[in-house]
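# Inside the fold
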Amino acid sequence: MSHYYTFTADDAVAFARQFGGLADPSGLVAAREVGDGNLNLVFKIFDESGVSRLVVKQALPYVRCVGESWPLTLDRARLEAQTLIEHHRHSPAHTVKIRHFEPALAAMVMDDLSDHRIWRGELIAGRHYPRAAAQLGRYLADALFHTSDFFLHPHEKKRQVAAFTNPEMCEITEDLFFTDPYQEQERNSYPPQLEADAAALRDDLPLHQAVAGLKHRFLSGAEALLHGDIHSGSIFVAEGSLKAIDAEFGYYGPVGFDIGTAIGNLLLNYCGAPGQLGLREAAAAREQRLVDIQTLWHTFQTQFLSLAHEKTRDAALAVPGYAALFLASVWRDAVGFCGTELIRRSVGLSHVADIDTIADEEMRHACLRHAIALGRALVVLAPRIDSVEALIARVRQYG
Ligand code: SR1
Ligand code: MG
């Protein structure tokens, strides 16, 4: 990585001209940095008419939202590009297209998605995309099935596990999801009014035991090439379209982690809705989130089972009923991981706008408490929540 330098807007334009694959690259004339995530630089690249044509993304050698005091591997850009390229092979409709990746600069150029919007913002505003939940379920089934042992030759699978080993990014997840919220940790962040709620999380052995089991699954369950961070801020939507972006946390892990993260973010929106919308709109948004969760899981399950029926290569894994048994364990994992996402987004380092942008302080705190209580219940009760309908019943029970 010795040739690495941090891009200016002009550097990003030059990179897009060289590697963007446009017929007339000299028409690219300007760039604007638009990154609002926690980690990277993101430039939109404009033509002479001011139309955004491409996106250039570059990894910084540190965590952007914290600063240079938290160095971070540039190799995450390779892992992101390769994960998205691999997912695009299996789910081209629902994965952003990477046009070029340059390892020395930790930079990539990808399709512009200016005609799409980040799903989180749309959910917060109460705007519904009727096909998004099914499309997300389809993306996860197609990407995860085709990178699993159901589909890959065992030699190829092992090569892939090695190529996608992502220790530094996984360490962030291991700490932020499974460790920090359950101990005193200066990275944690929550209002002082929630001190008693946070302290209760630190003093809860049944919770810690269940979280230990989930962390162990995250550390050791190399089931498929995960996106690794599939929250609603890593998803672009438009009328009838959904595209996953931002896969720098990609690695071979337990399938339930991606499902649980996705469902967890729909539930964070559920918890925040009363603080973001009027009474009737919030009630409707909440009902819609529960339908979304059901649609996501059922679409994922149906598509995964259909792929398993048609394409499982290993004779032992192809035995009738095994794929369904596997999905039952994926579901249990997903419920637990979903609970850890609710908790870590409420008391940990990285929060979500669905709750954090609620203007009324009392309401914001109530929504955080709701997310913590629901998260704890899901982590501890996951083995007993054996269907998406049972999950929805639990969610209703917690308000
Ligand atoms: C230090 S990174 C914090 C969070 O941002 C990313 O989007 C991931 O969710 C990560 O956990
Ligand atoms: Mg991200």
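Attention in this report is confined to the structure presented alongside it. Since the structure is predicted, the reported quantities are computational estimates derived from the model, not experimental observations.

### Describing the overall build of the chain
- Scanning the chain from N- to C-terminus turns up 14 helices and 12 strands.
- Its C-alpha atoms give the chain a radius of gyration of 21 Å, within 12% of the compact-globule value 21 Å for 399 residues.
- The dimensions of the chain, computed from C-alpha atoms along their principal axes, are 60 × 55 × 40 Å.
- Taking all 399 residues of the chain together, the buried fraction comes to 56%.
- Long-range contacts, defined here as pairs at least 24 residues apart, represent 73% of the contacts in the chain between residues at least 6 apart.
- Only carbon and sulfur atoms are counted for the fraction: they give 52% of the accessible area of the chain, which is about 16,400 Å².
- Computed over 38 positive and 50 negative side-chain charges, the separation of the two mean positions in the chain equals 4 Å.

### Remarks on helix α11 (residues 322–347)
- Helix length check: α11, at 26 residues, gives a terminal C-alpha distance of 38 Å against a target of 38 Å (1.5 Å per residue), a fit within 8%.
- Among the 26 residues in α11, 20 count as buried, and that is most of the element.

### A word on unusual backbone geometry
- Backbone geometry places Ala-106, a non-glycine residue, at a positive phi of 50 degrees.
- Along the polypeptide, Ala-106 turns up in the loop between β6 (98–102) and β7 (107–111).
- The residue Asp-246 is not glycine, and still its phi comes out positive at about 60 degrees.
- Within the secondary structure layout, Asp-246 lies in the loop between β11 (241–244) and β12 (251–253).
- Judged by relative accessible area, which is 23%, Asp-246 ranks as partly exposed.

### Things to note about the pairing of strand β1 (residues 28–33)
- Bridging between β1 and strand β2 (residues 40–47) involves 5 bridges; their strand directions are antiparallel. Opposite Ala-30, over in β2, you have Phe-46 as the bridge partner.
- As consecutive antiparallel partners, β1 and β2 are separated by 6 residues.

### Examining the packing of helix α10 (residues 279–311) against α11
- Across the interface, α10 lies against α11 with an axial gap of 10 Å and an inter-helix angle of 150 degrees. The angle between α10 and α11 falls in the class roughly antiparallel. The two elements α10 and α11 meet at a crossing, and its hand is right-handed. Contacts between α10 and α11 involve Trp-297, Phe-300, Gln-301, Phe-304, Leu-305 and Ala-308 from the first element and Ala-323, Ala-324, Phe-326, Leu-327, Val-330 and Trp-331 from the second.
- Taken together, the residues that form the contact of α10 with α11 break down as 11 nonpolar, 1 polar and no charged.

### Some points on the environment of Gly-21
- Topologically, Gly-21 is positioned in the loop between α1 (9–19) and β1.
- Separated by 89 residues in the primary sequence, Gly-21 and Met-110 have C-alpha atoms spaced 10.0 Å apart.

Each value, and the rule that gives it
Residues numbered from 1 in each chain as written. Chains lettered and ligands numbered in written order. Predicted model: local features only at pLDDT ≥ 70, side-chain atom pairs only at ≥ 80, totals over all residues. Heavy atoms only, no water. Helix = DSSP H or I, 4+ residues; strand = E, 2+ residues; numbered from the N terminus. Rg over C-alpha atoms; globule rule 2.2 N^0.38 Å. Buried < 20%, exposed > 50% of the residue type's maximum accessible area, 1.4 Å probe, protein only. Contact = heavy atoms within 4.5 Å. Areas by Shrake-Rupley, 256 points an atom, 1.4 Å probe, with all protein chains shown as cover. Lys, Arg positive; Asp, Glu negative; His and termini not counted. Charge placed at Lys NZ, Arg CZ, Asp CG, Glu CD. Expected span 1.5 Å × (residues − 1). Pairing = 2+ DSSP bridges. Axes fitted to C-alpha atoms, helices over the stretch in contact; angles between N-to-C directions. Parallel < 35°, antiparallel > 145°, perpendicular 65-115°, else oblique. Left-handed = near helix turned anticlockwise from the far one by under 90°. Nonpolar A, V, L, I, M, F, W, Y, C, P; charged D, E, K, R; others polar.

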